Amino acid sequence: MSNTYYGEFGGQYVAETLMNTLNELEKAFEEVIKDPKFWDEYNYYLKEYVGRETPLYLAERLSEKYGTKIYLKREDLNHTGAHKINNVIGQILLAKRMGKTKVIAETGAGQHGVATATGAALFGMGCKVYMGSEDIERQHLNVMRMEMLGAEVVSVQSGSNTLKDATNEAIRTWAKEAEDTFYVIGSAVGPHPYPKMVKEFQRCISVEAKRQFMEKEGRLPEVVMACVGGGSNSIGMFAEFIDEPGVELIGVEAAGMGIESGKHASAMALGKPGVLHGMRSYLLQDEDGNVQLAHSISAGLDYPGVGPEHAYLRDSGRAQYVSITDDEAMAALSELCKLEGIIPAIESAHALAYAFKKAKTMTKDQAIVLCLSGRGDKDAHTIESYFSGNGYLN
Amino acid sequence: MNRIEARLQQVQAKGEKAFVTYITAGLPDMEGCAKLIKAQEEAGLDVLELGIPFSDPVADGPTIQAASYKSIQQGTNLKKVFDMVEKLRGEKCELPIVFMMYFNTVLYYGLEAFAARCAEAGVDGVIIPDLPYEEQEQLQSILDKTENAPILLQLITPVSRQRIPMLVEKARGFVYCISSMGVTGQSADFHKDVVTYLQDVKKVSKVPVMLGFGIRTAQDVSSLKDTIDGCIVGSHLIKMMEESNYDLEKAKDYIRTFKKELNA
């Protein structure tokens, strides 16, 4: 197959209306990745504005408790509170080069929406963010943040009124307005070249982590892991380690209320290959081939599909994908708060929960590097509600 | 001969323009849908597009999204629609039928099984808006190996530009030209370059050129009549049917009037 695929996954499953747009985007992207000036500009903003590099922190008390070294790549310390901003800076700089004056984005929990609104403010571009009406209700804080940053938040009422539907609406708008509008996709999903683009703009996570680990330990880690919704922080965390066969790569999906309950977001565990949002990948579907709703306490993992490169890494055996339930993630979240003084995003807590399991099979000289993709401020409401026994907001 | 090709040749032989409608399969229910198809055949419709409902119809506007959602809630699926078409064919319905559907539905059913069942049930064409030319090879090669397989119809847009010759090169049946950017069911504000773009298509296309998206009456296309070979109405008809509680006489009147005015 062509360069738009990872094995049998990926491709460009979009309307004819968008094919020229995608071709132009691909051409522009391939140009900038070879242009040192572009990377200088990107790195300038990552350092001066986002606050990179982020620390690789040895979580001492956790390491002691679980009997192996647990290093946290602190993406939660980025401006806007998560890794999402890395990609947004890259895509908006590219949009500017292409002469676009407006950006649109989809968002679930609101993190990518906030990052896009931030980038749009920084570079003086118009910004519309599509968000499911249900997510608008439960992520009110982020809606306010986006509006403060000057973005227009468009409430999407169709289908399940969540991220999947917000993405559909963003794609519809894009097909209408592509001539002056750039669609900033937040996850490692969508039609080619988006998955590749998101990977390149999140690669900084593993470039830093690999060097930092080498400086501290003088070798490579045994295990590298991250949570997987669509798969942006994980593909960034994996990128520099994919060609290091000695490093075990683990992606952690959300098992929601348990895989067997049917209420989960584990596209890799139970999905079948399908087509959604411009890509062919693993997808949760019902018996008629309609897309099934995902469930997770974490809005950022609440997505029925997964990025195509992850599907390929799974099938080729290079990476392993596991699932963690809502309850396991919340227990891990609480533990990180109390043992290390870090309130993580619920998304990142999924990776932590699996790290605790994995650590039991490892020795104290070995090490896990885990991407702590975001901070938990946005989740304060959900966390409070969960621990007070009022159930999930999600 | 494929029903679409046969019918459009007849229409062109008479020097007329063709009229195509789109309805969502399974509405108001399976039986009512079959009646609506027969009524449209009776009224002289040339080709019917039958929308297979999908959970995530990214090429459709609010009207068809809502219709699609409602139909899924009522339990419509591809298998049932195949059965309905097969039954209609058994009842001497010879109206050319095109499935308008999203690729995931085809993929889930299985490409070989889909091609074979289309041939068996009597489906004449397929339009898949999220399967652009670059992704068609796999399905096309299976259709090529299947006897009486449906035609995979090509969509062309006002921004297809240099892609037009490639898109029409092997096109069969007709080419579906969309009038504006975006989704189905917007107003009849066609793209600013619609005339030149349609002329570009017409110049190179060996098959009839049909215009769709945002069309409600024959007046909407009156200025384009010299360029197109027919047109397609979807959202407007669906709205009309919903509002009239699926009044079949209303559908027939609409089709007769449209055809008459289109060929006036």
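Residues numbered from 1 in each chain as written. Chains lettered and ligands numbered in written order. Predicted model: local features only at pLDDT ≥ 70, side-chain atom pairs only at ≥ 80, totals over all residues. Heavy atoms only, no water.

Colleague: Describe empty space enclosed by the protein, with residues and values.
Modeller: Unoccupied space between atoms shows up once a probe the size of one water molecule is rolled over them. Under the definition given, this model contains 9 cavities of 30 Å³ or more. Its boundaries defined by the atoms lining it, the largest cavity holds a volume of some 450 Å³. Taken together, 38 residues line the largest cavity, and the ones lying closest to its centre are Lys84(A), Ser187(A), Ser232(A), Gly300(A) and Leu301(A). For the lining of the largest cavity, the secondary-structure elements that each account for two or more residues are strand E5 (102–107), helix H5 (111–123), helix H8 (163–177), helix H11 (232–238) and helix H15 (346–359) of chain A. The class makeup of the residues in the lining of the largest cavity is 13 nonpolar, 21 polar and 4 charged. There is about 200 Å³ of room inside the second largest cavity. Lining the second largest cavity we find 22 residues, and of these Ala15(A), Thr17(A), Ala59(B), Pro129(B) and Gly182(B) sit closest to its centre. (1 Å grid on protein atoms, 1.4 Å probe; cavity = no way out; pocket = protein on both sides within 12 Å on 5 of 7 lines; lining within 4 Å. Points joined across faces, edges and corners; volume = space filled by probe spheres on them. Helix = DSSP H or I, 4+ residues; strand = E, 2+ residues; numbered from the N terminus. Nonpolar A, V, L, I, M, F, W, Y, C, P; charged D, E, K, R; others polar.)

Colleague: An account of helix H14 (residues 326–340) of chain A is needed here, citing residue identities and associated values.
Modeller: All names here are of chain A. Over its 15 residues, H14 runs 21 Å from end to end, which matches the ideal 21 Å to within 8%, given 1.5 Å per residue. Of all the residues in H14, the buried ones are Asp326, Ala329, Met330, Ala332, Leu333, Ser334, Glu335, Leu336, Leu339 and Glu340. Positive phi shows up at Gly341, right after H14, with a value of about 70°. (Expected span 1.5 Å × (residues − 1). Buried < 20%, exposed > 50% of the residue type's maximum accessible area, 1.4 Å probe, protein only.)

Colleague: Describe the environment of Leu276(A), naming the residues involved and giving the relevant values.
Modeller: Along the chain, the position of Leu276(A) falls in strand E11 (residues 272–276). For the pair Leu276(A) and Gly90(A), spaced 186 residues apart in the sequence, the C-alpha separation amounts to 24 Å. The residues touching Leu276(A), leaving out its near neighbours within four places in the chain, are Leu283(A), Val291(A), Tyr303(A), Pro304(A) and Asp56(B). (Contact = heavy atoms within 4.5 Å.)

Colleague: Provide a residue-level description of the layout of surface pockets, including the pertinent values.
Modeller: All names here are of chain B. When its volume is computed, the largest pocket comes out at roughly 430 Å³. Those elements giving two or more residues to the lining of the largest pocket turn out to be helix H7 (137–145), strand E5 (151–152) and helix H8 (164–169). For the lining of the largest pocket, the element with the highest residue contribution is H7, accounting for 4 residues. For the lining of the largest pocket, the class distribution of residues is 9 nonpolar, 3 polar and 6 charged.

Colleague: Run through the sheet that holds strand E2 (residues 9–13) of chain A, naming residues and quoting values.
Modeller: Residues and elements named next belong to chain A. In spatial order, the strands read E1-E2-E12-E11; together these 4 strands make up an open sheet with antiparallel pairing. In this open sheet, the two edge strands, each paired with only one partner strand, are strand E1 (5–6) and E11. Pairing of E1 with E2, which is carried by 2 bridges, proceeds in the antiparallel orientation. Looking at E2, one finds that Tyr5 is bridged to Gly10. Its contacts with the sheet put helix H13 (residues 308–315) on E1, E2 and strand E12 (278–283), and the angle it makes with E12 is roughly 40°. (Pairing = 2+ DSSP bridges. Axes fitted to C-alpha atoms, helices over the stretch in contact; angles between N-to-C directions.)

Colleague: Outline the pattern of salt bridges, listing residues and values.
Modeller: Residues and elements named next belong to chain A. The tally for this structure, following the rule as stated, stands at 48 salt bridges over all chains. Among the salt bridges present, the one from Lys196 reaches Glu30, with a minimum N-O distance of 2.8 Å. On the criterion of sequence distance, the pair formed by Lys196 in helix H9 (residues 194–202) and Glu30 in helix H1 (residues 16–32) is long-range, its members being 166 residues apart. Owing to a relative accessible area of 26%, Lys196 belongs among the partly exposed residues under this scheme. Its salt-bridge partner being Asp379, residue Lys378 comes within 2.9 Å of it at the nearest N-O pair. Comparing Lys378 with Asp379, the two get one shared label, buried. (Salt bridge = Lys/Arg side-chain N within 4 Å of Asp/Glu carboxyl O.)

Colleague: So what about the pairing of strand E6 (residues 126–132) of chain A? Which residues, and what values?
Modeller: Residues and elements named next belong to chain A. Here E6 lies mainly inside the structure; 5 of its 7 residues are buried. Pairing geometry for E5 and E6, over 6 bridges, is parallel. Across the sheet, Glu106 pairs through a bridge with Tyr130, a residue of E6. At this point the chain moves from E5, through H5, to the parallel E6, and the crossover so formed is right-handed. Pairing analysis gives 5 bridges linking E6 to strand E7 (residues 152–156), with the strands arranged parallel. The residue bridging Tyr130 from the neighbouring strand is Val154, located in E7. (Right-handed = clockwise from strand over helix to strand, strands pointing away.)

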